[in-house]
Protein chains: 2
Amino acid sequence: MRYKITLEYEGTNTLGWQRQLNGPSIQEYLENALSALTSSNSKSEVQGAGRTDAGVHALAQVAHFDLERDIEDWKLREAINFYLREQNAPVVVLEIEKTDENFNARFSAVGRGYIYRILNRRTPPVLEKNRVWWVPVPLNIEKMRQGAEHLLGYHDFSSFRAAACQAKSPLKTLDKIDISTKGDEIIFEVEARSFLHHQVRNMVGTLKLVGDGHLHPEDIKIILEAKNRKAAGPTAPACGLYLSKVMY
Amino acid sequence: MRYKITLEYEGTNTLGWQRQLNGPSIQEYLENALSALTSSNSKSEVQGAGRTDAGVHALAQVAHFDLERDIEDWKLREAINFYLREQNAPVVVLEIEKTDENFNARFSAVGRGYIYRILNRRTPPVLEKNRVWWVPVPLNIEKMRQGAEHLLGYHDFSSFRAAACQAKSPLKTLDKIDISTKGDEIIFEVEARSFLHHQVRNMVGTLKLVGDGHLHPEDIKIILEAKNRKAAGPTAPACGLYLSKVMY
C-alpha cells in the first residue's frame, strides 16, 4: 500500500528534510516512526516532495511511503504521530490518505508554494524567534513589489541559484510572488512548478536590498539578466521560510 | 525621570511577570537589565500593568520605572534590549517614552485586552507549540459565541475567579468577548477595565465545554448566577493566553 502524507514541521533544530549522518532530519524522524510502527528493522523510505534546508519550516510538506499492511487512514495518522511524539520530533502528520502506486510525492507534484516571513521592526522577536527573519531597518514595500514583478514568468534564474543546486536547468517559471503586510510583518508568497536550490531565499535576500534602498526596483531585471549568482544579494536566513503547499 | 515601556514576552520558561525567589520572571529580567545599565546595586523597581502567570505571553504589556538619568528614548530602548539579550531573556522592549511622575502602569490603566488562541485540529502543534491550547475535538464556534454573550456586561464573576484572587470585589464589567477563526485556530478577544485572577482562562475553559457539547450556551448564564467557581469549567492552559493591550 502506498500512503500520501501531509506534514507540518519546525526546522530549527534539524538538518532539514533529508536524512543525514551527523544529526536529526525530518525524514529520519518519520522513518524511525514507521520502523517502530511496523516493528521492523528494514526501513521504509519516506520520500518528500521537496528537500527543505536546515532551519526551514513546513506548513504542508507532502511525502509518500509504502507499507505492507492496509491500515485505516486516521489510525495510521494517530500511530505515526504517537511514535513521532515519543522521539520528541518537531514534525506531525496533518493528513494521510491511501494513494495509487504511481503517485510519487516528488515527481507527481505540479507546483510548490512557499511563504517567507520578515519581521520589520526595531526590536528583535521573542514570540516569533526562529520563525521570521528580523530586519530592523524600515523596508519600502511598494519598491519591493516593483522589483518582484521582474521575477515573474519564465527566466534563467542562475543569479538566484545556489552553487550546490542539482537542477538540470536554471530555466524556471515563477507563477506568483505576492508581498503583503500584517502588523510589523512582511509576507512573501511565491509559487512555481519547481524552484532552484535557495531560489526563494536568494530572491527575498535581494528584494530586501530593494526595500532598504541599496538597490532600485529595476536593478532586479539587470541582476536576472546577469545570470550570475554574484550579481544578486545574500541568501535570506532559513528561519523565515515555510514550504506552504504542494500541488498535484 | 519616569519611563513608560511596552513589552513583548514569551512566558513559557518563566514563572510569569512577578519577581520570585525560585525562578526567572519577566520583572526580574527587566530589573537586572536596568541594574546593568545604571551600574548600580540598588534595583529600580519595574511595575507592570498586570501580573501575568507562568506560561502566559504578552504582545504589549506596559510597565513603568524611574531612572535618575534623562536618556533619549530610543537609546534607552536599545540599551535595555542589549542587556536583556545578554541574559537570553524572553522579553524585549517594543517602545519607550518619558512620562510624568503621576503615571502608574497599573493604576492609571483604564482597560486591558487579552487574546486567547485555541488550535482546533486532530494533530498537535509543532510550529505553534506553547503558543496555543491544542483542542483535538471539534468545537462549535456558533454555540461558543452564544454562550459568550451571557458574559458580556456587568456581573459577579465569582464562578470564573481563582481561589487565590486578591481583587476586592468579584463585580466586573466585560466590555468585549469576540470569537473569530483563522485556519484551524479559534481566537478569543476580550476587553475589560480589569479582570479577576484566571478570569479569561476560566471563561475560555468553560466556553470550550459549550463548544464540544458538554454544556449548552444557556448554561453559561446559570454558571454565572451560581457565583461559585465549582459551577464553571476547568482553567484553560496558560500557553494560549496573550496580554494584548493596556489602555490609558
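Residues numbered from 1 in each chain as written. Chains lettered and ligands numbered in written order. Predicted model: local features only at pLDDT ≥ 70, side-chain atom pairs only at ≥ 80, totals over all residues. Heavy atoms only, no water.

Visitor: Help me out: how do you make sense of the overall build of chain A in this one?
Guide: Looking only at helices and strands, chain A features five helices and ten strands. Taken over the C-alpha trace, chain A has a radius of gyration of 19 Å; the compact-globule value for 248 residues is 18 Å, and the two agree within 12%. Taken over the C-alpha atoms alone, chain A extends approximately 60 × 40 × 30 Å along its principal axes. Across the 248 residues that make up chain A, the buried fraction comes to 55%. A separation threshold of at least 6 residues defines the contact pool for chain A, and within that pool the share at least 24 residues apart is 70%. As displayed, chain A offers around 11600 Å² of accessible surface, 48% of which is attributable to carbon and sulfur atoms. Between the mean site of the 32 positive side-chain charges and the mean site of the 31 negative ones, chain A shows a separation of 4 Å. (Helix = DSSP H or I, 4+ residues; strand = E, 2+ residues; numbered from the N terminus. Rg over C-alpha atoms; globule rule 2.2 N^0.38 Å. Buried < 20%, exposed > 50% of the residue type's maximum accessible area, 1.4 Å probe, protein only. Contact = heavy atoms within 4.5 Å. Areas by Shrake-Rupley, 256 points an atom, 1.4 Å probe, with all protein chains shown as cover. Lys, Arg positive; Asp, Glu negative; His and termini not counted. Charge placed at Lys NZ, Arg CZ, Asp CG, Glu CD.)

Visitor: Sorry if this is basic, but what is going on with the relation of the copies chain B and chain A here?
Guide: Here the second copy of the chain follows from the first by a rotation about an axis and a shift along it. The two copies are related by a screw operation: chain B maps onto chain A through 180° of rotation and 0.0 Å of translation along the axis, at an RMSD of 0.0 Å. Each copy turns onto its partner about a two-fold axis. Across chain B, the smallest distance between a C-alpha and the rotation axis is recorded for E128(B), namely 4.8 Å. Of the residues that chain B buries at the interface, 100% are likewise interface residues in chain A, meaning the two copies contact each other through the same surface. (Least-squares fit on C-alpha atoms with pLDDT ≥ 70 in both.)

Visitor: How do you make sense of the interface of chain B and chain A when you look at a structure like this?
Guide: Taken together, the contact pairs 28 residues of chain B with 28 residues of chain A. For the pairing of chain B and chain A, the buried interface totals around 2100 Å² over both sides, and the portion due to carbon and sulfur atoms is 53%. It is T123(B), V126(B) and L127(B) that lose the most area in chain B upon contact with chain A, and together they represent 32% of the buried surface on that side. Remark: the boundary between chain B and chain A carries four salt bridges. Between R122(A) and E78(B) there is a salt bridge, with the nearest N and O atoms lying 2.8 Å from each other. (Buried area = accessible area lost by both parts, 1.4 Å probe. Salt bridge = Lys/Arg side-chain N within 4 Å of Asp/Glu carboxyl O.)

Visitor: What should I look at first to understand the pattern of salt bridges in this one?
Guide: Once the charged atoms of two side chains with opposite charge are near each other, the side chains can pair. Evaluation of the coordinates by the stated rule reveals 38 salt bridges over all chains. A salt bridge links E8(B) to R121(A), with the nearest nitrogen and oxygen atoms 2.7 Å apart. With E8(B) in strand β1 (residues 2-9) and R121(A) in the loop between β5 (111-119) and β6 (133-134), this pair bridges two chains. Accessibility assignment for this pair places E8(B) and R121(A) in one class, buried. Within the structure, one salt-bridge network assembled from shared partners comprises K176(A), E189(A), E191(A) and K245(A).

Visitor: In this structure, what is going on with the confidence of the model for chain A? I would like to understand it.
Guide: It should be kept in mind that the predicted coordinates are not to be read in detail where pLDDT is low. With 99% of its residues at a pLDDT of 70 or more, chain A has an overall mean of 96. ipTM for the predicted complex: 0.90, alongside a pTM of 0.93. (pLDDT = per-residue confidence, 0-100.)

Visitor: Any chance you could explain the domain arrangement of chain A here in plain terms?
Guide: In many analyses, interface size is given as the accessible surface area lost on bringing the parts together. Residue and element names in this part refer to chain A. Examined at the domain level, chain A breaks down into domain 1 (2-99) and domain 2 (111-247). Computed from C-alpha coordinates alone, the two centres of domain 1 and domain 2 are separated by 28 Å. Tallying the contact residues gives 15 residues for domain 1 and 16 residues for domain 2. Counting each side, the surface lost to burial between domain 1 and domain 2 is near 1200 Å², with a carbon and sulfur contribution of 56%. Its largest share of buried area at the contact with domain 2, domain 1 owes to D53, H57 and L59, together 39% of the area lost on that side. Where domain 1 meets domain 2, there are two salt bridges. At the surface where domain 1 touches domain 2, the tally comes to ten residue pairs in polar contact (both at pLDDT 80 or more). (Domains from an automatic or database assignment. Polar contact = N/O pair within 3.5 Å; in protein donor to acceptor, adjacent residues only side chain to side chain.)

Visitor: What is the right way to read the pairing of strand β5 (residues 111-119) of chain B from this model?
Guide: Residues and elements named next belong to chain B. The buried count for β5 comes to nine of nine residues, which makes it a mostly enclosed element. Here β5 shows two buried faces, one formed by G111, G113, I115, R117 and L119 and the other by R112, Y114, Y116 and I118. Two strands pair when backbone bridges link them, and β5 and strand β10 (residues 241-247) are joined in this way by six bridges, in the antiparallel orientation. By the bridge assignment, R112 is partnered in β10 with V246. Bridge analysis of β5 against strand β9 (residues 185-192) gives eight bridges, and the strand direction is antiparallel. Its bridge partner being in β9, G113 is matched across the sheet by E191. (Pairing = 2+ DSSP bridges.)

Visitor: What's the story with the nonpolar core in this structure? I'm lost.
Guide: One recurring pattern in soluble globular proteins is that nonpolar side chains are buried together. Judged by nonpolar contacts, the single largest core of 69 residues is most densely connected at F65(A), I80(A) and L151(A). Not counting residues within four places of it along the chain, the set of residues in contact with L151(A) comprises F157(A), F160(A), L174(A), I177(A), M203(A), L207(A), I220(A) and L224(A). (Core = buried A, V, L, I, M, F, W, Y, C linked by side-chain atoms within 4.5 Å.)

Visitor: What's the story with the environment of E45(A) in this structure? I'm lost.
Guide: Residues and elements named next belong to chain A. Relative to the helices and strands, E45 is located in the loop between α1 (26-38) and β2 (47-48). Taking relative accessible area as the criterion, E45 reaches 49% and is therefore assigned partly exposed. Between the C-alpha atom of E45 and that of N32, which follows or precedes it by 13 residues, the distance is 9.9 Å. Setting aside anything within four residues of it in sequence, one finds E45 in contact with R19, Q27, E31, H64 and F65.

Visitor: I keep staring at unusual backbone geometry and nothing clicks. Help me out?
Guide: Excluding glycine, most residues fall at negative phi; most peptide bonds, likewise, are trans. All names here are of chain A. Backbone geometry places N130, a non-glycine residue, at a positive phi of 65°. By the element assignment, N130 lies in the loop between β5 and β6. Its relative accessible area of 35% is what places N130 among the partly exposed residues. Backbone geometry at H198 places phi at a positive 70°, although glycine is not the residue there.

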